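The chain contents come next:
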Amino acid sequence: MVEKILQKPSRGIESFCYRRSTRKTAATLQKEREKEILWLIEHPLENEKDLIIEEFPGKGRGIRAAKNYSKNDFVCEYKGEIISMKLAHKRENEYARDPSIGSYMYFFVYKGRHYCVDATDDSSYKGRLINHSYLNPNLRTQVVQDCKGNPRLCLFALRSIKPDEELLYDYGDHSAESVAGNPWILNS
Ligand SMILES: C[S@@+](CC[C@H](N)C(=O)[O-])C[C@H]1O[C@@H](n2cnc3c(N)ncnc32)[C@H](O)[C@@H]1O
């Protein structure tokens, strides 16, 4: 009996079954990836230890990568308060009156609904400190739905990223009105 178990499987049905049992389907791999992203979203302190805060000339603070990222890797969440459009416009007007308040509001549409993430309040989460690039971004935004069904605005690698690169994504607002006051929107 023991001898039989130790026998190398023949190239017949046994070895075929062995290969099948270890292979993961695309759907399984996708589920595992989604689970991993949700875990990273829920554990920002662990995930964000590879994001280094630095001063960048002409931009203020920004974030430098401390490790390699592959294309499509989750990098971090743009974490803030998700608020209604009505409240977002009210706050925008308030913030505009105080020049010491920077711009940390991100508007997005998910499943046909409009949302705003307000990350104006200082926090230890680093997504709010990532600067903009139109010409050479290395991140992209994507909404991920969490376990409670809430949309979470996340940043993923647009291409492979090396340690020491500044992390940058296109903020998306290229309107003439915004560019007039902020030429860096199109020239950085
Ligand atoms: C979400 S904050 C990014 C973090 C910010 N640099 C800080 O120190 O808190 C957005 C602001 O950063 C600055 N910024 C972002 N990208 C920039 C760029 N490419 N050139 C110049 N300023 C930039 C602008 O003042 C912008 O309103």
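Look above for the structure.
Residues numbered from 1 in each chain as written. Predicted model: local features only at pLDDT ≥ 70, side-chain atom pairs only at ≥ 80, totals over all residues. Heavy atoms only, no water.

Undergrad: Before we go on, may I ask you to explain the packing of aromatic side chains in this structure?
TA: The geometry of two aromatic rings is summed up by the distance between their centres and the angle between their planes. Scanning all chains against the criterion turns up six aromatic pairs. Look at Tyr78 and Tyr106: their rings are 5.9 Å apart centre to centre, the planes differ by 55°, and that puts the pair in the tilted class. Here Tyr78, found in the loop between strand S3 (74-77) and strand S4 (81-83), pairs with Tyr106, found in strand S5 (residues 105-110); they are 28 residues apart in sequence, far enough to count as distant. Judged by its relative accessible area of 5%, Tyr78 is buried. Assessed through its relative accessible area of 12%, Tyr106 is described here as buried. Between the aromatic rings of Tyr169 and Tyr171, the centroid separation amounts to 5.1 Å while the plane-to-plane angle is 50°, which identifies the pairing as tilted. The exposure class assigned to Tyr169 is buried, which follows from its relative accessible area of 2%. Residue classification places Tyr171 among the partly exposed residues on the basis of a relative accessible area of 30%. Each residue in the set Tyr78, Tyr106, Tyr169, Tyr171 and Trp184 is aromatic and connected to the rest through ring pairs, giving one cluster. Above the plane of the ring of Tyr104 lies Arg128, whose end atom (NZ or CZ) is 4.4 Å from the centre. (Phe/Tyr/Trp six-rings, centres within 6.5 Å; stacked < 30°, edge-to-face > 60°. Helix = DSSP H or I, 4+ residues; strand = E, 2+ residues; numbered from the N terminus. Buried < 20%, exposed > 50% of the residue type's maximum accessible area, 1.4 Å probe, protein only. Lys NZ or Arg CZ within 6 Å of the ring centre and 35° of its normal.)

Undergrad: Quick question: what am I supposed to make of the sheet that holds S4 here?
TA: Two modes of strand pairing occur in sheets, parallel and antiparallel, and in both the strands are linked by backbone hydrogen bonds. Strand order in this open sheet of three strands is S4-S6-S5, and the pairing throughout is antiparallel. The two strands at the open ends of the sheet, each matched to only one other strand, are S4 and S5. Ignoring strand direction, the axes of neighbouring strands in this sheet form an average angle of 30°. Across six bridges, the pairing between S5 and strand S6 (residues 113-118) is antiparallel. Its bridge partner lying in S6, Phe107 is registered against Cys116. Strand contacts of helix H5 (residues 85-96): S4, S5 and S6, with the helix running at about 160° to S5, the strand carrying the most contacts. (Pairing = 2+ DSSP bridges. Axes fitted to C-alpha atoms, helices over the stretch in contact; angles between N-to-C directions. Contact = heavy atoms within 4.5 Å.)

Undergrad: I'm lost on the pattern of salt bridges in this one. Help?
TA: Once the charged atoms of two side chains with opposite charge are near each other, the side chains can pair. Tallied over the full model, the rule gives 13 salt bridges. Across the salt bridge formed by Lys67 and Asp50, the nearest N and O atoms sit 3.9 Å from each other. One end of the pair, Lys67, is in the loop between strand S2 (60-65) and S3; the other, Asp50, is in the loop between helix H4 (44-47) and strand S1 (51-56), and 17 residues separate them in sequence. The salt bridge involving Glu165 is made with Arg159; its shortest N-O contact spans 3.0 Å. Given a relative accessible area of 29%, Arg159 falls into the partly exposed group. A network of salt bridges, in which partner residues are shared, links Glu42, Glu77, Lys79, Asp146 and Arg152. (Salt bridge = Lys/Arg side-chain N within 4 Å of Asp/Glu carboxyl O.)

Without other data, these values stay purely geometric and don't point to any function.
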